[in-house]
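Given next are the chains, with one letter for each unit.
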Amino acid sequence: MSCCLVASAFGPYLLPGLGLRLDHAVIYGLCIAFFIMDMPFFFTMRFNHALLWLTLSFFAVAIWTLVSTFFGGHPKLSWNLVLASLDNFTQPMAIIGIMAFITAEKQERVLSDALQKVSLTMCILLSLNTVIAACQMFWDMWPVAHFFLRSMDERTVWENAVIQGRYCGIFDQPVENGLAYSVALVSWTYYVNQYRSSWQWLLLPFLIIGGILSASKVFLFGGIPAGILYFLFCKKLHFGTLFKVFLGLSGVAIIAIEFADQWIGISFLELMTDPGYLASDPIGVYTAGRFGKEGWILTQVERILRSDPVCGIGLGTSDVLDNAYLEFFTQGGIVALAWYIFILGIIGRSGIQGIVKNSKYGLVMLLLWLMIVAAGFGGPVLTMNRSSILLLVFICLIIVLIEREYPTPRVISAHGPNVRNQPQRELLRITAERT
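Engineer: Could you give an account of the overall build of the chain, with specific residues and numbers?
Structural biologist: Secondary structure summary: the chain contains 19 helices and two strands in total. Within the chain, the fraction of its 435 residues that count as buried is 50%. Here the contacts in the chain between residues at least 6 apart in sequence split such that 74% fall between residues at least 24 apart. Carbon and sulfur atoms provide 69% of the accessible area of the chain, an area that totals close to 21,000 Å².

Laid out in structure tokens, this is it:
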């Protein structure tokens, strides 16, 4: 079921005029089906408390923004945009709700197998997307990509990115593509750290190249560092591992050298290292104009503060919200922003809990949380089309696994009691008495 949710993120548009994608039909259909089937057993099922709080938080944000929309009195751009903005809150709620249902009563071994399958599914599908993105350098891939994009009368973000040489495959925009490949790179690193296998190393060049082709700063400054840190902290760097890393990076280097002249997007990356270009407004360069001398985000914040800082201006009142914190603040004011910070707190608490419990999932959760917090300044991470599905499914499985996994036993000290190891000490005492 988790793999089904991940695969739906790569589905086409069913009704482009209404913005209905395959993932909408799968996610909302499963959510309604689980709710109806498990309603009689709802109060007897052992749900994960963190997932329940996350679901209720997104539900509260959806209700609050609807109140701000209908009673705020602010003009709407279009009702289609209102529904699309509402979907940004209801779809994460539905995904987390489904994950709460399917992970209830499941043992740690079953959940671990599910996380393994989700990681492989994600990496394989994104490797196929890399092939599509690489073909964009040589051919017009619109006949293929238009099934996965909502084409409007004006030029799409996808088409503007192609003109700049930033190739995203089936994803709408570079930040969406960068987030998807960041999650996939972290999940791939988790998989090779937990399971000994060789063929998965063949996926590494595809994941790195697919993220780089979009020239997304989320991937360059978030996904790659997170993957490297997790790999270095968890992997035993013996000769075989180093040899596989060398082969994987060599494959990336060979492909990069072969096609560097064909990729016009490299000029976009060169601007980020040009001292003359950076001297004028370095913050604006690295945030794509969101912050800096002419940053429009601060202007939007001032607008909301003057209009209605508590309730915001509702759904469908702004067309571009390339910031997670601004998305909640604009549409629901301080109340919605507080809910978003609460959501981040739940995810971060799970990562810290995993570190404290000495869980093998704690570090990956903490790195993902740091990436979510940082990437939120460049895009609505948890509510983004397609890529947020991959992120939420992966996070939900880890949250439940951290709760289900027992802490690693520690050596019992001979100098004093250890409360955390009380069961182990009791077992040793009984064994000693019987001996």
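Engineer: Requested: an account of the packing of helix H3 (residues 49–71) against helix H4 (residues 79–103), with residues and values cited.
Structural biologist: Packing of H3 against H4 leaves a shortest axis separation of 8 Å and a crossing angle of 165 degrees. Taken together, the axes of H3 and H4 lie roughly antiparallel to each other. The way H3 lies across H4 gives a crossing that is left-handed. Counted together, Leu-51, Leu-54, Thr-55, Phe-58, Phe-59, Val-61, Ala-62, Thr-65, Leu-66, Thr-69 and Phe-70 of H3 and Trp-79, Val-82, Leu-86, Phe-89, Thr-90, Pro-92, Met-93, Ile-96, Gly-97, Met-99, Ala-100 and Thr-103 of H4 form the full contact between these two elements. Classifying every residue of the contact of H3 with H4 gives 17 nonpolar, six polar and no charged.

Engineer: Describe the packing of helix H5 (residues 108–135) against helix H18 (residues 387–404), with residues and values.
Structural biologist: Relative orientation of the contacting elements H5 and H18 amounts to 160 degrees, with a least axis distance of 10 Å. Our classification of the angle between H5 and H18 gives roughly antiparallel. In this structure, H5 crosses over H18, and the sense of that crossing is left-handed. Only Leu-390, Val-393, Phe-394, Leu-397, Ile-398, Val-400, Leu-401 and Arg-404 of H18 make contact with H5, whose side of the interface consists of Glu-108, Leu-111, Ser-112, Ala-114, Leu-115, Val-118, Ser-119, Met-122 and Leu-126. Each residue belonging to the contact of H5 with H18 can be placed in one class, and the counts come to 13 nonpolar, two polar and two charged.

Engineer: Account for helix H10 (residues 217–234), naming residues and giving values.
Structural biologist: Taking 1.5 Å of rise per residue, 18 residues should cover 26 Å, and H10 covers 25 Å from first to last C-alpha, within 8% of that figure. The sharpest bend along H10 measures roughly 25 degrees and falls at Gly-223, with the proline Pro-225 sitting one to four residues further on. Turning to H10, its buried residues number three or more, namely Lys-217, Val-218, Phe-219, Gly-222, Gly-223, Ala-226, Gly-227, Tyr-230 and Phe-231. One side-chain oxygen at the N-terminal end of H10 lies 3.3 Å from the backbone nitrogen of Val-218; it belongs to Ser-216.

Engineer: So what's going on with the side chain of Lys-357? Which residues, and what values?
Structural biologist: The topology assignment puts Lys-357 in the loop between helix H16 (324–356) and helix H17 (362–375). Accessibility expressed as a relative area gives 14% for Lys-357, which makes it buried. Looking at Lys-357, its side chain comes within polar contact range of the main-chain oxygen of Ile-402, at 2.6 Å.

Engineer: If you had to explain the pattern of salt bridges to someone new, which residues and values would you point to?
Structural biologist: Applying the stated rule across the entire model yields three salt bridges. With its nearest N and O atoms 4.0 Å apart, the salt bridge here joins Arg-109 to Asp-113. Separated by four residues within a single helix, Arg-109 and Asp-113 lie in helix H5, roughly one turn from each other. Salt-bridge contacts for Glu-403 lead to Arg-404; the nearest nitrogen and oxygen are separated by 3.9 Å. The partly exposed category is assigned to Glu-403, whose relative accessible area is 35%. What makes Arg-404 buried here is its relative accessible area of 12%.

Engineer: Quick rundown of the environment of Ser-214? Include the residues and the values.
Structural biologist: The residue Ser-214 is located in the loop between helix H9 (203–213) and H10 in this model. Apart from the residues within four sequence positions on either side, Ser-214 is in contact with Arg-166, Tyr-167, Cys-168, Pro-174, Asn-177 and Gly-178. Separated by 2.9 Å, the side chains of Ser-214 and Asn-177 make a polar contact. Here Gly-211 takes part through its backbone oxygen, which lies 2.9 Å from a polar atom of the side chain of Ser-214.

Engineer: Let's hear about a nonpolar patch on the surface: which residues, and what values?
Structural biologist: Judged by side-chain polarity, Phe-59, Ile-63, Val-67, Phe-70, Phe-71 and Trp-79 come together as a nonpolar surface patch covering roughly 690 Å² of accessible area. When residues in the nonpolar patch are grouped by element, the largest group, five residues, is from H3. Looking at Phe-70, the relative accessible area reads 52%, which means it is exposed.

The rules behind the values
Starting afresh in each chain, residues are numbered from 1 along the sequence in its written order. In keeping with the model being predicted, local features are shown solely for residues with a pLDDT of at least 70 and side-chain atom pairs are shown and tallied solely at 80 or more, while totals for entire chains, interfaces and linings include all residues. Side-chain metrics rest on all non-hydrogen atoms present in the structure, leaving aside hydrogens and water. Numbering goes from the N terminus for both helices and strands, where a helix is a DSSP run of H or I of at least four residues and a strand is a run of E of at least two. Burial classes: relative accessible area under 20% of the type maximum marks a residue as buried, over 50% as exposed, and values in between as partly exposed (1.4 Å probe, protein chains only). Residue contacts are defined here by distance: any two heavy atoms, one from each residue, within 4.5 Å place the two residues in contact. Method for areas: the Shrake-Rupley scheme with a 1.4 Å probe, in which residue coverage is limited to the protein chains shown. Each axis is a line fitted through C-alpha atoms, and for a helix only the stretch in contact is used; angles between axes span 0 to 180 degrees, taken between their N-to-C directions. In what follows, roughly perpendicular refers to angles from 65 to 115 degrees, roughly parallel to angles under 35, roughly antiparallel to angles over 145, and oblique to any angle outside these ranges. Crossings are classed by handedness, with left-handed meaning an anticlockwise turn of the near helix from the far one by less than a right angle and right-handed meaning a clockwise turn. Residue type decides the class: Asp, Glu, Lys and Arg count as charged, Ala, Val, Leu, Ile, Met, Phe, Trp, Tyr, Cys and Pro as nonpolar, and the leftover types, Gly among them, as polar. Multiply 1.5 Å by the residue count of a helix minus one, and that product is the helix's expected span. The angle separating two fitted axes, one through the seven residues that finish at a residue and one through the seven that start at it, defines the bend at that residue. A 3.5 Å cut-off defines polar contacts: any pair of N or O atoms within that distance qualifies, except that in protein one atom must be a possible hydrogen donor and the other a possible acceptor, and neighbouring residues in sequence count only when both atoms are side-chain atoms. Throughout this description, the term salt bridge denotes a Lys or Arg side-chain nitrogen within 4 Å of a carboxyl oxygen of Asp or Glu. Patch membership requires over 30% relative accessible area and the absence of a salt bridge. Like charges are linked within 9 Å, and nonpolar side chains (Val, Leu, Ile, Met, Phe, Trp, Tyr) within 5 Å.

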